[in-house]
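Each chain is listed here by its residues.
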Amino acid sequence: MPRSFPTNPMLAVEILGLEKTYAIGFWKKKRKDGLKSLHLEIQQGEVFGFLGPNGAGKTTTLKLLMGLISPTAGTARILNQPWHDPAVRARIGFLPEQPYFYDHLTPIELLDYYGTLSGISAPDRRLRIPKLLERVGLAGQGGTQLRKFSKGMLQRVGIAQAVLHEPEVVFLDEPMSGLDPVGRREVRNFIQSLNREGKTVFFSTHILGDAEALCHRVAVLNKGELRGISVVADLTSQNRSRFEVVWQATAAIPAMRAFGNETHVAGEVARTIVRESQLQAALEALKSQSAQLISVNPVGGSLEEYFLQKLGEPDKVPR
Amino acid sequence: MTTRIRAIAFNTFREAVRDRVLYNLVFFALLLVATAPLLGEISIGVQRVLLINLSLSAISIFGIVISIFVGISLVSKEIERRTLYPVLSRPVGRGEFILGKYCGLAGTLLVNTMAMTTGVYVALLLMTRSFTRADANILIAIYFLFLQFIVIIGLALLFSSFSSPLLSALFALSMFVAGSFAADLRGFAAMSHGPEGLLARAASYVVPNLASLNVITRVSHDQFIPAALVGYNTLYTLLYATATITAAVLIFSRRDLK
């Protein structure tokens, strides 16, 4: 290890100068920075959002922490142990980006397999798996082969495998990616419930609304560099100007378009961004159209401004 | 540790079964049925030689094809589909993963070979109406074939731990062909001198001695197989497979999973 640092019993994740440089090209002569000297501390029990555009280095960081790739420099500790220690792996959960699982297996078989690898006893597996499938909304689907599952259902299986062994820290790589608004809301609720159970959640996303709704703190990453870390409450308390309204029933779309230009439809579910001053009127319009309200969440505001500001800053190596 | 290796091995076996790898047994059965009219035209002694040669060669071909083509995909498919990520983010060492995959495919081939062996003996019984003591030698020949599969799976895993599936298949196939002529290679090495002699000697140690593991012709002609050869081949296979798996683990442990 290049450097060691003092241990803090309250820290879930400590990253000190992790770096990753990829050798590219046919002769592997060229170098490409995947991650530049990242320093980060995540407290136990917090929900931490890792924000950045595609290619920012979010997945690289998670792969480094999971031991899937080795760092060019730097070190990390998870739950006070070196990140590559096998004992740590039993205490963490990981959902990869766009997860793909053995499609010849059923969710029950898959979770049983992962449970065995995590060291869960057979009686415990038999007890936990049906409960977990119910919790992620897959009750009754446990015997269907995964090849017949939609992307959203696979994401639920992915979340189930990440928490099956009741880890203390859960790492989620783009957990809302590819989900419809209903699925996103369910994943949000799931992350909140994990946090209520005292688990630390570290998740990467490029959807600011999700980070704003869930995170205690966020870090902004761009081009492999950490651009800033901020407490979300400090940012959002300054300005709550716009809200995302998600509802079901397409008949209400014309009425909702009157409140905002940003209206997106996915099947029966639609979402519109409205200003705070129009929120009450928009909700009443939905009610009058007999539309089912799914969620109302603040968007934009100062997290978006903070994010854009950090992305626009010139390249630097943060300390 | 053994629990995790067993779980990975069982999952590999289950995947092979559900991916219809064992469907080759149907082709094997059809082959035996299709040769029956042909065998009826010749005398009983020749029939026996032909049946043993044909069926054991079929076991060899099916087994080698599965060893190479399933073997090279054991790791590469997991990397390509990223099914490896949730496995290696758990307390599973990369060595355990490789060993589990190896045992899973070896188990698949064991079941496959045992089913084919049953087929051979049923066909033999239907043809000769009774077994002789010499028929037990067929088991030795099949055991040696299984040892060949063990060696080839190790090589396929080793090549796939650092190269693409296409190149891995090419390398493994080349090693199988070279290994089948290992006796000639050793003969050439013994006769050569200078740099080419050294090169030939080195190659004769690297290339698996698959020629020694092929006694199909000897068994079909009721030739005696010494117990020492069984012991030598077993020990040789264990050492060779251990060397290839160790190399595969060392390479795979240093590999970045992109």
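Model, not experiment: these values are computed from the prediction. (Residues numbered from 1 in each chain as written. Chains lettered and ligands numbered in written order. Predicted model: local features only at pLDDT ≥ 70, side-chain atom pairs only at ≥ 80, totals over all residues. Heavy atoms only, no water.)

Next up on the list: the pattern of salt bridges. The full count for this structure, using the stated rule, is 22 salt bridges over all chains. Between Asp112 of chain A and Arg125 of chain A there is a salt bridge, and its shortest N-O distance comes to 2.7 Å. Of this pair, Asp112 of chain A sits in helix α3 (residues 107-117) while Arg125 of chain A sits in helix α4 (residues 122-135), and the two are 13 residues apart along the sequence. A salt bridge links Arg48 of chain B to Asp222 of chain B, with the nearest nitrogen and oxygen atoms 3.0 Å apart. Of this pair, Arg48 of chain B sits in helix α3 (residues 44-80) while Asp222 of chain B sits in the loop between α10 (216-220) and α11 (227-253), placing them 174 residues apart in sequence. Residue classification places Asp222 of chain B among the partly exposed positions, given a relative accessible area of 42%. It is possible to trace a salt-bridge network through shared partners that takes in Arg184, Arg188, Asp210, Glu244 and Arg271 of chain A. (Salt bridge = Lys/Arg side-chain N within 4 Å of Asp/Glu carboxyl O. Helix = DSSP H or I, 4+ residues; strand = E, 2+ residues; numbered from the N terminus. Buried < 20%, exposed > 50% of the residue type's maximum accessible area, 1.4 Å probe, protein only.)

With that settled, consider a positive patch on the surface. Taken together, the side chains of Arg147 and Lys148 of chain A together with Arg20 and Arg81 of chain B define a basic patch exposed on the protein surface. Relative to the helices and strands, Arg20 of chain B resides in the loop between α1 (2-18) and α2 (24-39). Arg20 of chain B sits in the exposed class, given a relative accessible area of 51%. (Patch = residues over 30% accessible without salt bridge, like charges linked within 9 Å, V, L, I, M, F, W, Y side chains within 5 Å. Areas by Shrake-Rupley, 256 points an atom, 1.4 Å probe, with all protein chains shown as cover. Lys, Arg positive; Asp, Glu negative; His and termini not counted. Charge placed at Lys NZ, Arg CZ, Asp CG, Glu CD.)

What follows covers the interface of chain B and chain A. Each side of the interface is counted separately: chain B has 25 residues, and chain A has 31 residues. Across the chain B to chain A interface the summed buried area is about 2700 Å²; carbon plus sulfur atoms make up 54%. Put simply, chain B and chain A have two salt bridges between them. Residues Lys20 of chain A and Asp256 of chain B are paired through a salt bridge, measuring 2.4 Å at the closest nitrogen-oxygen approach. On the surface where chain B and chain A come into contact, there are 14 residue pairs in polar contact (both at pLDDT 80 or more). Elements with a contribution of two residues or more to the side of chain B that touches chain A: α1 and α4 (85-88) of chain B. Top contributing element to the side of chain B that touches chain A by residue count: α1 of chain B, with eight residues. Here the residues of the side of chain B that touches chain A sort into nine nonpolar, four polar and 12 charged. (Contact = heavy atoms within 4.5 Å. Buried area = accessible area lost by both parts, 1.4 Å probe. Polar contact = N/O pair within 3.5 Å; in protein donor to acceptor, adjacent residues only side chain to side chain. Nonpolar A, V, L, I, M, F, W, Y, C, P; charged D, E, K, R; others polar.)

Residue and element names in this part refer to chain B. Spanning 16 residues, helix α7 (residues 165-180) covers 22 Å between terminal C-alpha atoms, matching the ideal 22 Å at 1.5 Å per step. Residues of α7 that are buried: Ser168, Ala169, Ala172, Met175, Phe176 and Gly179. Taken down its axis, α7 places every buried residue within 130 degrees of arc, on the same side. Turned more than 90 degrees away from the buried face of α7, the exposed residues are Leu166 and Leu170. (Expected span 1.5 Å × (residues − 1). Arc of directions from axis to C-beta.)

What follows deals with the confidence of the model for chain A. Residues and elements named next belong to chain A. Looking at chain A, pLDDT values average 86 and 91% of them are 70 or higher. When pLDDT is averaged over each element of chain A, α3 comes out on top at 97 and strand β12 (residues 263-266) at the bottom at 76. Within the model, pLDDT remains below 50 along residues 1-8, and this stretch shows 19 contacts once partners closer than five positions in the same chain are excluded. (pLDDT = per-residue confidence, 0-100.)

On to the environment of Ile68 of chain B, then. Structurally, Ile68 of chain B can be placed in helix α3. The spatial distance from the C-alpha of Ile68 of chain B to the C-alpha of Ala248 of chain B is 15 Å, given a sequence separation of 180 residues.

Here we come to unusual backbone geometry. With the exception of glycine, the majority of residues adopt a negative phi angle, and the majority of peptide bonds are in the trans configuration. Residue Glu166 of chain A is not a glycine yet carries a positive backbone phi of 50 degrees. Residue Glu166 of chain A is classed as exposed on the basis of its relative accessible area of 52%. We note that Arg82 of chain B has phi near 60 degrees; this positive angle belongs to a residue other than glycine.

Residue and element names in this part refer to chain A. The strand order across the open sheet built from six strands is β6-β7-β8-β3-β9-β10, with neighbouring strands paired in mixed fashion. Each edge of the open sheet carries a strand with a single partner, namely β6 (92-95) and β10 (225-231). Between one strand axis and the next, the sheet turns by 15 degrees as a mean value, whatever way the strands run. Pairing geometry for strand β7 (residues 169-173) and strand β8 (residues 200-205), over five bridges, is parallel. Note on β8: the bridge partner recorded for Val169 is Thr200. Here helix α5 (residues 151-163) sits on the sheet in contact with β6 and β7, set at roughly 165 degrees to β6. (Pairing = 2+ DSSP bridges. Axes fitted to C-alpha atoms, helices over the stretch in contact; angles between N-to-C directions.)

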